[in-house]
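Here's the letter readout for the chains.
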Amino acid sequence: MTSFFGDVWFQNSDDVVGGGAAPASGQGFTMSGDEMRALLKKCQDQRDFIGKQFDAARRLSQVVPPGNEPASTHAVNGPNGVNETGRFYEGHLRFQEKYFTELILRLEKALGLTEETDRQAAEATKKRGTLE
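Conventions and cut-offs
Residues numbered from 1 in each chain as written. Predicted model: local features only at pLDDT ≥ 70, side-chain atom pairs only at ≥ 80, totals over all residues. Heavy atoms only, no water. Helix = DSSP H or I, 4+ residues; strand = E, 2+ residues; numbered from the N terminus. Buried < 20%, exposed > 50% of the residue type's maximum accessible area, 1.4 Å probe, protein only. Polar contact = N/O pair within 3.5 Å; in protein donor to acceptor, adjacent residues only side chain to side chain. Salt bridge = Lys/Arg side-chain N within 4 Å of Asp/Glu carboxyl O.

Participant: Provide a residue-level description of the side chain of Glu 102, including the pertinent values.
Facilitator: Along the polypeptide, Glu 102 turns up in helix 3 (residues 82-111). Note on Glu 102: relative accessible area 11%, which makes it buried. Only 2.4 Å separates the side chain of Glu 102 from the side chain of Ser 3, close enough to count as a polar contact. A polar contact is formed between the side chain of Glu 102 and the backbone nitrogen of Phe 4, at a distance of 2.9 Å.

The following block contains the structure:
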């Protein structure tokens, strides 16, 4: 998958003594840990909302014409019909979900949450392997 952000970096200013220098390449964002956590929460909430919208869009893309006559069939299955519009909306929501997922992962990494989650998962896997 191509990155939405390319070489854009995110830096937690709380982790850098004296404000620190920006990474050597690309452009990016430096913000405090509190600001980053607030943005992370907003992004997670937005991604959850997009998931709910996706469920509604899926139903929209699977509409059955109310009658077996040309007007209803065309309105549902024709160009720019209900089903085509629903499929387009699903694609748009998938794009947004991927964008927010990447943004969330980058914010978590900048906050040091990704490594902690990976460590916890590895420990859980080891424990699970010994129990079974």
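Further notes follow.
Participant: Describe the pattern of salt bridges, and please don't skip the residues or the numbers.
Facilitator: On inspection of all chains with the given rule, the structure shows 3 salt bridges. As a salt-bridge pair, Asp 45 and Lys 41 come within 2.7 Å of each other at their nearest N and O atoms. Separated by 4 residues within a single helix, Asp 45 and Lys 41 lie in helix 1 (residues 33-60), roughly one turn from each other. Take Asp 45: its relative accessible area is 38%, and that puts it in the partly exposed class.

Participant: Describe in detail the environment of Glu 108, supporting the description with residues and values.
Facilitator: Counting through the fold element by element, Glu 108 comes out in helix 3. Counting along the chain gives 98 residues from Glu 108 to Phe 10, while the straight-line C-alpha distance between them is 9.7 Å.

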